[in-house]
Number of protein chains: 2
Amino acid sequence: MIRAAILRLLAEVGYSALTMDAVAAEAGVGKATIYRRWRTKQDLVVDTIADMSRVMAVPTDTGTIEGDLREIMHLVAAATTSPAGAAIRSLLPAMQHQPELVAAFRNGPLAVWRAAYAAMWARAEARGEVRPGLAQSVAAEATSALIVQRWLLTGEPVDDEYVERVLDVVVLPLIANARPEA
Amino acid sequence: MIRAAILRLLAEVGYSALTMDAVAAEAGVGKATIYRRWRTKQDLVVDTIADMSRVMAVPTDTGTIEGDLREIMHLVAAATTSPAGAAIRSLLPAMQHQPELVAAFRNGPLAVWRAAYAAMWARAEARGEVRPGLAQSVAAEATSALIVQRWLLTGEPVDDEYVERVLDVVVLPLIANARPEA
């Protein structure tokens, strides 16, 4: 309940305008409750970012690179449209000047995503579906870039139908180009 | 000189923490000079965003879709790494709650880019290089998405070598798939 209030407030006002008082008011608890848990605003936000990775859905092994990509891209899309996704979007500018926030993001949600992507590419390589090194190529960046552009820049919808179009028109053709024999 | 100071400050502190006093100090002028030109902070930022589109480089007609894409993508990359690009990145969260800022962005820099892209796709269609409707497809989104993802999310470098790799590995193969006969 306090977590949800923090995400709502972060999405609305960002980091610099966030206050411990506003968190207490939004969560409907006393200030003492907030200060007992977090000494400073930075503690509170760092812990909130770290907590996101504890509740993130982790993609399963579907047995094919197409199935794995479909699942991970739907999960990425769902994350961007979630309250955590809205909070991260508002936090990004502050991250440029707050090494503690960047570290929480890199070691938390970003590390979870990177590990999931790395495992997916490693399985595809082991099955001989993609050439070695694809994980480090710009083709791999395309699997999230179109979703990220709508999330952070244009605000256009990121729904299941959109993910399927990105898969069909952009991602699966690029993966087909990256077969070992290609 | 005042414009450059505003862009630097916006990149550093964003919209909500920006003050007219700080703009005057950063620009090395008196507060009266700032207030004579802009009545409010919102006026100042709206005008600054509008001004970006007056100084933007507009791509030329190179005669081929490959040449046009190469030029527009290098211009987009240069824009994201410019002081204006840093200012826009810091302003994006504020745009979600400030319709005046969104309007200035949509009618200013975004409109200039959209017109340049639309003219490029229309020329390619007229030359028979791409199928009709490609401009509205997700493949067209891929021409900027990878650059935007590095600009707004990962902070990885967006230099000329990166743009060439995105062209070779992602964009030109997608355009080849979108030939009218394909």
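First things first, this report covers the structure right here in the doc. This one's a predicted model, so the numbers in the text were calculated from it and none came from an experiment.

**Some details on the interface of chain B and chain A**
In this assembly, 33 residues from chain B lie in contact with 33 residues from chain A. Ranking the residues of chain B by area buried against chain A places B:Val138, B:Gln149 and B:Leu153 at the top, with a combined share of 21%. Between chain B and chain A we count two salt bridges in total. Run the count over chain B and chain A and you get 14 residue pairs in polar contact (both at pLDDT 80 or more). At the level of secondary structure, the elements contributing two or more residues to the side of chain B that touches chain A comprise α1 (2–13), α6 (83–95), α9 (138–154) and α10 (160–177) of chain B. No other element matches α9(B), which puts 14 residues into the side of chain B that touches chain A.

**Here we look at the relation of the copies chain B and chain A**
Superposing chain B onto chain A takes a rotation of 180 degrees combined with a translation of 0.0 Å along the rotation axis, leaving an RMSD of 0.0 Å. A rotation of that kind, with that shift, is consistent with a two-fold axis. When C-alpha positions in chain B are compared against the rotation axis, the closest is assigned to B:Ala145, at 2.6 Å. Interface residue correspondence from chain B to chain A reaches 100%, placing this contact among same-surface, isologous pairings.

**Points about the packing of α1(B) against helix α4 (residues 41–54) of chain B**
Residue and element names in this part refer to chain B. At a closest axis distance of 11 Å, the pairing of α1 and α4 adopts a crossing angle of 110 degrees. Taken together, the axes of α1 and α4 are roughly perpendicular relative to one another. As α1 packs across α4, the resulting crossing turns out to be left-handed. Mapping the contact onto sequence places Arg3, Ile6, Leu7 and Leu10 in α1 and Leu44, Val45, Asp47, Thr48, Asp51, Met52 and Arg54 in α4.

Conventions and cut-offs
Residues numbered from 1 in each chain as written. Chains lettered and ligands numbered in written order. Predicted model: local features only at pLDDT ≥ 70, side-chain atom pairs only at ≥ 80, totals over all residues. Heavy atoms only, no water. Contact = heavy atoms within 4.5 Å. Buried area = accessible area lost by both parts, 1.4 Å probe. Salt bridge = Lys/Arg side-chain N within 4 Å of Asp/Glu carboxyl O. Polar contact = N/O pair within 3.5 Å; in protein donor to acceptor, adjacent residues only side chain to side chain. Helix = DSSP H or I, 4+ residues; strand = E, 2+ residues; numbered from the N terminus. Least-squares fit on C-alpha atoms with pLDDT ≥ 70 in both. Axes fitted to C-alpha atoms, helices over the stretch in contact; angles between N-to-C directions. Parallel < 35°, antiparallel > 145°, perpendicular 65-115°, else oblique. Left-handed = near helix turned anticlockwise from the far one by under 90°.

Worth remembering: the numbers are spatial, not functional.
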